[in-house]
Amino acid sequence: MRDDATHVDETATPGLDEALQRLATADTLVVALDFDGTLAPFADDPGHVGALPGSWAAVLTLQRAKGTEVALVSGRPLDSLAAVSHAPDGMALIGSHGVEWRVDGHDQDALSADEQERVARVGAALDAVGERFPGVVIEHKPAGHGVHTRRVSAEVAAEANAAASAAAHDADADVLERGGKDILEFAVRHVTKGDAIDRLRELRGADAVFFAGDDVTDEDAFRVLGDGDVGVKVGEGETMARHRVADPAALTDVLKQLARARFAR
């Protein structure tokens, strides 16, 4: 696994064509994809987003390719991911950064009674913070909560995030805090997208993994990719991924190319 902290920029992108062609030869390939900011552009209302048509068509093609497993790996709660993606039966869905699983038709998201109590306690503390900052939205998830600041100024966002961090850690000293694009998240179970990728690889006996993501939380997944895998960062920002594309629209071409390569092998 990669444990270096190499940061890449667009100069790494030209090697992506060759990397995709190498993936075409894998006996079993896992194609794991973040949703928001990767398959779908961001929107102020997270309930009204959708994957770009070209990307989704490529995803469905990959799902039908021999020896290829597609999995959506998102920070969204599982039910929300299923609703906005309209994923077909049989497509693996992993929500809440790896806590919730819908794989092979079975949901796996059970929290212990203690974890449920911790989620409720942190949620109550964050609701109190949300009441102090109009425009800041507190999203309640099965294993934690998100503080959305997309609708407020940078100054208000910084103040709200500081207040949320203090309140959450005061409510639960062991809560996991992680930042993202216009969101600060708090979870009671220390699971990451990297853990999800490792588990998917083991479950499927995958020879290689393709992962694309845009946010800070996706770096956990890029971190566990090996030399035979391919990671693609969508958008700007420092990354451990070896490759980068500008935005979700640019990723469409990558997914189409990968789909063609898997069918032509």
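Quantities reported herein were computed from a predicted structural model and do not represent experimental measurements.

Notes on the overall build of the protein
Within the protein, the secondary structure is distributed over eight helices and twelve strands. For 265 residues, the compact-globule formula gives about 18 Å, and the C-alpha radius of gyration of the protein, at 18 Å, lands near that figure. Overall, the protein is about 55 × 40 × 35 Å in size when its C-alpha atoms are taken along their principal axes. Here the protein holds 265 residues, and 53% of them are scored as buried. Put simply, 60% of the contacts in the protein that link residues at least 6 apart link residues at least 24 apart. Summing over all exposed atoms, the protein offers an accessible surface of approximately 11600 Å²; the carbon and sulfur share of this is 51%. Charge separation in the protein, taken as the distance between the mean sites of 27 positive and 47 negative side-chain charges, equals 5 Å.

Notes on the sheet that holds strand S9 (residues 183-187)
With respect to topology, four strands assemble into an open sheet ordered S6-S7-S9-S8, the strand pairing being antiparallel. Among the strands making up the open sheet, the edge pair consists of strand S6 (137-141) and strand S8 (176-180). Looking at each pair of strands side by side, their axes are set apart by 20 degrees on average, direction ignored. One ladder, built from five bridges, connects strand S7 (residues 144-148) with S9; its direction is antiparallel. Among the inter-strand pairings, Gly144 is bridged to a residue of S9, identified as Ala187. Sitting on the sheet, helix H5 (residues 154-171) is in contact with S7, S8 and S9, with an inclination near 5 degrees to S9.

Overview of the side chain of His145
Here His145 shows up in strand S7. A polar atom in the side chain of His145 sits 2.8 Å from the side chain of His140. If near-sequence neighbours (up to four positions away) are discounted, His145 is found in contact with Val119, Val122, Gly123, Leu126, Glu139, His140, Leu184, Glu185 and Phe186.

Side note on the packing of helix H2 (residues 53-64) against helix H8 (residues 248-264)
It is the contact of H2 with H8, at a shortest axis distance of 8 Å, that shows an interaxial angle of 25 degrees. What the angle tells us is that H2 and H8 run roughly parallel. Along this stretch, H2 crosses H8, giving a crossing that reads as left-handed. Residues Gly54, Ser55, Ala58, Val59, Thr61, Leu62 and Arg64 of H2 lie in contact with H8, whose contacting residues are Pro248, Leu251, Thr252, Leu255, Lys256, Leu258, Ala259, Arg262 and Phe263. Per-class residue counts for the contact of H2 with H8 are nine nonpolar, four polar and three charged.

Quick word on the nonpolar core
Counting residues in hydrophobic clusters, the biggest one holds 36 residues, and the most contacted among them are Leu33, Leu72 and Phe210. For this core, the secondary-structure elements that each account for two or more residues are helix H1 (16-23), strand S1 (29-33), H2, strand S2 (68-73), helix H3 (78-85), strand S10 (208-213), strand S11 (230-234) and H8. Top contributing element to this core by residue count: H8, with five residues. Excluding residues within four positions of it along the chain, Leu33 makes contact with Leu39, Val59, Ala71, Leu72, Val73, Phe210, Phe211, Ala212 and Leu255. With 20 residues, the next largest nonpolar core counts Val73, Trp101, Ala206 and Ala241 among its residues.

Overview of the environment of Ala164
Its place among the elements puts Ala164 in helix H5. Through-space distance from the C-alpha of Ala164 to that of Leu184 is 8.4 Å; in sequence the pair is 20 residues apart. Each residue touching Ala164, except ones within four places of it in the same chain, is listed here: Leu126, Val129, Val147 and Phe186.

Topic: the pairing of S1
Taking burial as the measure, the five residues of S1 include five buried ones, the bulk of the element. Of the two faces of S1, the one holding Leu29, Val31 and Leu33 and the one holding Val30 and Ala32 are both buried throughout. Bridge count between S1 and S2: five bridges; the pairing is parallel. Bridge pairing in S2 links Val31 to Val70. In this structure, S1 lies alongside S10, joined through five bridges in parallel fashion. Bridge pairing in S10 places Leu29 opposite Ala208.

Details of the pairing of S6
The pairing of S6 with S7 spans five bridges and is classified as antiparallel. The residue of S7 that forms the bridge with Val137 is His148. The hairpin turn running from S6 into S7, its antiparallel successor, is two residues long.

The rules behind these values
- Residues numbered from 1 in each chain as written.
- Predicted model: local features only at pLDDT ≥ 70, side-chain atom pairs only at ≥ 80, totals over all residues.
- Heavy atoms only, no water.
- Helix = DSSP H or I, 4+ residues; strand = E, 2+ residues; numbered from the N terminus.
- Rg over C-alpha atoms; globule rule 2.2 N^0.38 Å.
- Buried < 20%, exposed > 50% of the residue type's maximum accessible area, 1.4 Å probe, protein only.
- Contact = heavy atoms within 4.5 Å.
- Areas by Shrake-Rupley, 256 points an atom, 1.4 Å probe, with all protein chains shown as cover.
- Lys, Arg positive; Asp, Glu negative; His and termini not counted.
- Charge placed at Lys NZ, Arg CZ, Asp CG, Glu CD.
- Pairing = 2+ DSSP bridges.
- Axes fitted to C-alpha atoms, helices over the stretch in contact; angles between N-to-C directions.
- Polar contact = N/O pair within 3.5 Å; in protein donor to acceptor, adjacent residues only side chain to side chain.
- Parallel < 35°, antiparallel > 145°, perpendicular 65-115°, else oblique.
- Left-handed = near helix turned anticlockwise from the far one by under 90°.
- Nonpolar A, V, L, I, M, F, W, Y, C, P; charged D, E, K, R; others polar.
- Core = buried A, V, L, I, M, F, W, Y, C linked by side-chain atoms within 4.5 Å.

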